[in-house]
Amino acid sequence: MTTEDASPQLTWTEEGEPRSGRFGDVYFSRDDGLAETRAVFLQGCGLPEAWAGRRSFTVAELGFGTGLNIAALLDLWRRTRPQEGRLHVFSIEGFPLSAQEAGRALANWPEVGEAASALIQAWPAPTPGFHRIDLPEHHAVLDLAVGDAAWALEAWWGQADAWFLDGFSPALNPGMWSPQVLDLIQARSAPGARVATFTVAGAVRRGLAERGFVVDKRPGHGRKRERLEARLPGRATPQIPRPRVAVVGAGMAGASAARALAAAGLQPVVIEAERPGAGGSGFPIGLVTPRLDVGDADVAALYAQALERACQLYGDVENAVVARGVLQTPQAPRDVARFDRIAAQPIWPPDAMTILNPRQASDWLGEPMEEGGLLMAQALVVRPLAVLDAWLAGVDRRSGQVERLERAEEGWRLVAPGGEVIAEADIVILAGGWGAASLLDRSRHPELTPVRGQADWVEGPSVRAVAWGGYAAPTGQGVLFGATHDRGRTDLAVRPEDSARNRDTLRSRAPALADRVEAAPSAQARVAVRATTADRLPIAGRLDGGLLMLGGLGSRGLCLAPLLGEHLAALALGLPSPLPRALAGRVRPDRPALRPKVGPRT
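The protein chain is annotated in an unreviewed UniProt entry as tRNA 5-methylaminomethyl-2-thiouridine biosynthesis bifunctional protein MnmC from Brevundimonas albigilva. The protein chain has a UniProt comment under Cofactor (unreviewed entry) that states "FAD". The protein chain has a UniProt comment under Catalytic activity (unreviewed entry) that states "5-aminomethyl-2-thiouridine(34) in tRNA + S-adenosyl-L-methionine = 5-methylaminomethyl-2-thiouridine(34) in tRNA + S-adenosyl-L-homocysteine + H(+)".

Draft legend 1. Structural context of the pairing of strand β11 (residues 226–231). As judged from the 4 bridges shared by strand β9 (residues 189–197) and β11, these two strands associate in the antiparallel manner. Across the sheet, Thr-197 pairs through a bridge with Leu-228, a residue of β11. Where strand β10 (residues 214–219) meets β11, 6 bridges bridge the pair, whose relative direction is antiparallel. Residue pairing across strands places Asp-216 opposite Glu-229, the latter belonging to β11. Between β10 and the antiparallel strand that follows it, β11, lie 6 residues; Gly-222 among them carries a positive phi value of about 60°.

Draft legend 2. Highlighting the nonpolar core. Formed by 80 residues in total, the largest nonpolar core has its most connected members in Val-288, Tyr-314, Trp-348 and Ile-429. Sort the elements by how many residues they give to this core and helix α9 (residues 297–315) lands first, with 12 residues. Apart from residues lying up to four places away in sequence, Ile-429 is in contact with Val-245, Ala-246, Val-247, Val-248, Ala-257, Leu-261, Leu-548 and Leu-568. Counting residues in each nonpolar core, the second largest holds 71 residues, with Leu-87, Leu-119, Ala-149 and Val-181 among its members.

Draft legend 3. Expanded view of the UniProt feature "domain: FAD dependent oxidoreductase" (unreviewed entry) in the protein chain. Taken from the UniProt record, the annotation "domain: FAD dependent oxidoreductase" (unreviewed entry) applies to residues 244–571. In this annotation, residues 244–571 is assigned 29% helix and 30% strand; the end-to-end C-alpha distance for the span is 14 Å.

Draft legend 4. Looking closely at the pattern of salt bridges. Under the criterion given, the structure shown has 47 salt bridges. Glu-274 serves as the salt-bridge partner of Arg-275, at 3.6 Å between the closest nitrogen and oxygen. Judged by its relative accessible area of 47%, Arg-275 is partly exposed. Each of Arg-452, Asp-486, Arg-489, Asp-491, Arg-495, Glu-497, Asp-498 and Arg-501 takes part in salt bridges that share partners, so that together they form one network.

Draft legend 5. Main features of the side chain of Thr-475. Locating Thr-475 in the fold gives a position in the loop between β25 (471–474) and β26 (478–482). When its relative accessible area of 8% is taken as the criterion, Thr-475 is described as buried. In terms of polar contacts, Thr-475 uses its side chain to reach the backbone amide nitrogen of Gln-477, at 3.2 Å. Within the structure, Thr-475 has its side chain in polar contact with the backbone nitrogen of Gly-478 (distance 2.9 Å). Apart from the residues within four sequence positions on either side, Thr-475 is in contact with Ile-285, Val-322, Arg-383 and Leu-480.

Draft legend 6. Expanded view of unusual backbone geometry. Of the consecutive residues Leu-47 and Pro-48, the connecting peptide bond is found in the cis state with omega at 15°. Among the structural elements, Pro-48 can be located in the loop between α1 (33–42) and β4 (56–62). Cis peptide bonds are those with omega within 30 degrees of zero, and the linkage from Gly-482 to Ala-483 qualifies with -10°. Mapped onto the elements of the fold, Ala-483 is located in the loop between β26 and β27 (486–487). At Glu-84, a residue that is not glycine, the phi angle is positive and equals roughly 65°. Tracing the backbone shows Glu-84 in the loop between α2 (68–80) and β5 (86–93).

Draft legend 7. Local environment of helix α6 (residues 179–187). Every buried residue belonging to α6 is among Val-181, Leu-182, Leu-184 and Ile-185, and all of these are buried. One side of α6 carries all its buried residues, which in axial view fall inside an arc of 160°. Of the surrounding secondary structure, the elements contacted by the buried residues of α6 are β4, α5 (149–155), β8 (160–165), β9 and α7 (202–210).

Draft legend 8. Seen up close, the packing of helix α8 (residues 252–263) against helix α12 (residues 384–391). One way to put it is that α8 packs onto α12 with a least axis distance of 9 Å and a crossing angle of 35°. Considering only the axes of α8 and α12, their crossing is left-handed. Of the residues in α12, those in contact with Met-252, Ala-255, Ser-256 and Arg-259 of α8 are Pro-384, Val-387, Leu-388 and Trp-391.

Draft legend 9. Fine view of the pairing of strand β15 (residues 321–328). As paired strands, β15 and strand β17 (residues 373–382) are joined by 6 bridges and run antiparallel to one another. By the bridge assignment, Val-321 is partnered in β17 with Val-382. Pairing geometry for β15 and strand β24 (residues 465–467), over 3 bridges, is parallel. In the strand pairing of β24, Leu-327 is matched with Val-466.

Draft legend 10. Broad picture of the sheet that holds β4. Strand order in the open sheet made by the 8 strands is β6-β7-β5-β4-β8-β9-β11-β10, with mixed pairing throughout. The open sheet has two edge strands with one neighbour each: β6 (129–135) and β10. The mean inter-strand angle of the sheet, taken between neighbouring strand axes irrespective of direction, is 15°. Strand direction decides the pairing type here: β5 and strand β7 (residues 140–146), joined by 7 bridges, are parallel.

Draft legend 11. Structural detail: the packing of aromatic side chains. This model, assessed by the stated rule, comprises 10 aromatic pairs. Here Phe-64 and Trp-123 contribute two aromatic rings whose centre-to-centre distance is 5.3 Å and whose plane-to-plane angle is 40°, an arrangement assigned as tilted. You can see Phe-64 sitting in the loop between β4 and α2 and its partner Trp-123 sitting in the loop between α4 (113–121) and β6, a full 59 residues away along the chain. Pair check on accessibility: Phe-64 and Trp-123 agree, each one buried.

Draft legend 12. Region of interest: the sheet that holds strand β21 (residues 421–425). Pairing within the open sheet is antiparallel, and its 3 strands lie in the order β19-β20-β21. Two strands bound the open sheet, and with one partner strand each, they are β19 (404–407) and β21. The mean angle between the axes of side-by-side strands here comes to 25°, regardless of whether they run parallel or antiparallel.

Draft legend 13. Up close: helix α15 (residues 557–573). In this model α15 runs 23 Å from its N-terminal to its C-terminal C-alpha over 17 residues, within 8% of the 24 Å that 1.5 Å per residue would give. Most of α15 is tucked away, with 16 of its 17 residues classed as buried. A positive phi of about 70° marks Gly-574, the residue just after α15.

Draft legend 14. Spotlight on the packing of helix α13 (residues 496–509) against helix α14 (residues 511–519). Interhelical geometry of α13 versus α14 gives an angle of 140° and a closest axis separation of 6 Å. If you check the angle between α13 and α14, you find them oblique. Facing Arg-503, Leu-506, Arg-507 and Arg-509 of α13, the residues of α14 in contact are Pro-511, Leu-513, Ala-514, Asp-515, Val-517 and Glu-518. Tallied by class, the residues present in the contact of α13 with α14 amount to 5 nonpolar, no polar and 5 charged.

Rules and cut-offs
Residues numbered from 1 in each chain as written. Predicted model: local features only at pLDDT ≥ 70, side-chain atom pairs only at ≥ 80, totals over all residues. Heavy atoms only, no water. UniProt positions renumbered as here; feature names shortened; annotations may be inferred. Pairing = 2+ DSSP bridges. Helix = DSSP H or I, 4+ residues; strand = E, 2+ residues; numbered from the N terminus. Core = buried A, V, L, I, M, F, W, Y, C linked by side-chain atoms within 4.5 Å. Buried < 20%, exposed > 50% of the residue type's maximum accessible area, 1.4 Å probe, protein only. Contact = heavy atoms within 4.5 Å. Salt bridge = Lys/Arg side-chain N within 4 Å of Asp/Glu carboxyl O. Polar contact = N/O pair within 3.5 Å; in protein donor to acceptor, adjacent residues only side chain to side chain. Arc of directions from axis to C-beta. Axes fitted to C-alpha atoms, helices over the stretch in contact; angles between N-to-C directions. Left-handed = near helix turned anticlockwise from the far one by under 90°. Phe/Tyr/Trp six-rings, centres within 6.5 Å; stacked < 30°, edge-to-face > 60°. Expected span 1.5 Å × (residues − 1). Parallel < 35°, antiparallel > 145°, perpendicular 65-115°, else oblique. Nonpolar A, V, L, I, M, F, W, Y, C, P; charged D, E, K, R; others polar.

In structure tokens, the structure reads:
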């Protein structure tokens, strides 16, 4: 994704201009960087005229740098955007600046201070991969790819209406202008796409022309005599009516899809069999933790990106976050060395993964520990019902059990057991957890496996979150612990013997806490059934035509659902997904590991 040393080697000139020591060039013109951005990139791409009347417009950029181009773009969009218009920005940076460095650079331009401030406040960690930045006050979203330009363009799903080619000059940074990159620019361009760049290098002119762009030299800005504009022949695809989208399921998966659809400007219908959180999302609290993987780089990257996105979105929900930080303790002796390898992965922000010895683990947990562990500083304890309330507020919610899906002349009918039609939709997203299994065609669709889990909680004792396979975590009024893991079972009755199992497991890991739990005056328990897949990875993608699925989240639903819900919404609406292609491929419903077996089932 990126080089091992991703530092831009930033220096500052006497005039206060940021300069890349790596490439030996300044980030913007000392004459007037903002005026240059407006002349070269905004006017060069025909903005704002090009987005007039558009409901959605996509800008891609090579060379995010200080963020000046995007701040200027956001400022212009805020002032001139079409009614109901939403802006999608995709930018690439191989050597990211820190938020403090970018803030110092952007302070030169108070004219775009509002947009610059929004960028700085949401500035992501400099870890490789895709990072989504919400800019709701500007009706925009930015996906920033940290890594090599060719990798990022290959991974991106979008089609750009306008391109800002703002890498350092071809002579200093040839990788940004390679034939492979130019091929991908052409492949990721919408009909009629505009390209703007400061360089007039012959290789760039010829490269764009050879790929079908009509290229023109234009008067430059400041000390630059000339610049380039280019256009891909064709006309922008006419806007089609917004589809009718129905989401089946009002747990975390369904709410995540509904939130993402609403953020894109569409109000879906959400169908709930009972009530929001009636299934696996209905416990008082849940852990937001990643699957830790050192043998599969894509799986590790998927969970790192999902954790980052979940933390962003849950942090915006009032009263959702109970606590931050989860201590993962070893389940087997080999985990000690494995934790070292996990903490060393470049996918985590600084200090996100810290190895603790037994004394440090005991100090952090407030509980004597015979072994250390891995402190996951990003991990959260959240109240799922607070999130569901926020994300389903204002959504068209309809109660009813969907017994079957019927093809309609246009789209789908969602039919209740009595035959009444609950809703009709062009696109249906199945997000009902284990309940979605009854709506799948077992001869063509992936199979889900149920896993029954019971958790217990008491009021009074307090604890920091700790996980070991099971877990104990604060509820705000006490502690929740568990959970059992019974594969293939779907009964929902609370079982006293399962409560005993949870207490025994807790005592084996945290005996002092177990004593306090035993002394608590009352206890409660709850059961839910989660759905898993054969390869223990989630399902997020298209099944048939307008039928999509978000499921198989297992015990990682709180971590995975927000990001995968955005991916499903993007697929449903034809928008750029925040999920790189390779990672999206790992969660496709038709991946080899989940293909239905040929022959009768026993």
